[in-house]
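Read off the chains here:
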Amino acid sequence: NSGSGSSLVGFGFLNLSTGIPHAGDVARVYRDIGSDAIPSSYTVDLVVRWFTIAGTLAAGDYFYFTVDNGTFMLDVAIAADGLFVHDGAAYNEVGTYTYTTSTYYEYKFVVDGDAQTVDIYKDNVILAAGNNVDCSKASASNGRVYIAQKGDTAWSEASVCNFSIGSAATTVSYDTGK
């Protein structure tokens, strides 16, 4: 975090690797920042680079993160076959995108707590299907943030260079280290 404003939670550099794939393999980190710490409306800034990205969401091979504010949970998965957001019933594909290994990708997720929707930007461009996406998955653990790499059938490795959450009204600039 290198700008004005404040960050509610931030993770530095994380290297998540599932190694040799086995069903249920997950490399993850989480923080519980306390109940009522995440506001109803907020933004998530994510800078990630894949060393390998293999497998599909259906096969259980994907990067994901969740942000739980006690009312609903933003649950996002990124796999070789696209970006997905959970609506409480299932993951829904927001777009099929190709990813190049060793390339940095910058995402911004702008969450509207009243509507329980999210607008999704990749490299500062809103995704074609990323406007007002339903993210109304029921809350499971108020104040908990998960970041993980799952690898049931394929080995994948991601480096998270920045992950931070701020209030929707706060403008924060981030040093991506690129």
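Structure: above.
Residues numbered from 1 in each chain as written. Predicted model: local features only at pLDDT ≥ 70, side-chain atom pairs only at ≥ 80, totals over all residues. Heavy atoms only, no water.

The next thing to look at is the pairing of strand 4 (residues 42-52). Strand 4 sits mainly inside the fold: nine of its 11 residues count as buried. Alignment of strand 4 against strand 9 (residues 104-112), held across eight bridges, turns out to be antiparallel. From the neighbouring strand, Asp-45 faces strand 9, where its bridge partner is Lys-108. By the bridge criterion, 10 bridges tie strand 4 to strand 15 (residues 157-167) in an arrangement that is antiparallel. Each residue of the ladder has a partner; that of Asp-45, found in strand 15, is Ser-164. (Buried < 20%, exposed > 50% of the residue type's maximum accessible area, 1.4 Å probe, protein only. Helix = DSSP H or I, 4+ residues; strand = E, 2+ residues; numbered from the N terminus. Pairing = 2+ DSSP bridges.)

Taken as a whole and judged by the stated rule, the model has five aromatic pairs. For the pair Tyr-62 and Tyr-64, a centre-to-centre distance of 5.7 Å together with 55 degrees between the ring planes defines the contact as tilted. Looking at Tyr-64, the relative accessible area reads 14%, which means it is buried. Through a chain of ring-to-ring contacts, three or more aromatic side chains come together here, namely Tyr-62, Tyr-64 and Tyr-91. (Phe/Tyr/Trp six-rings, centres within 6.5 Å; stacked < 30°, edge-to-face > 60°.)

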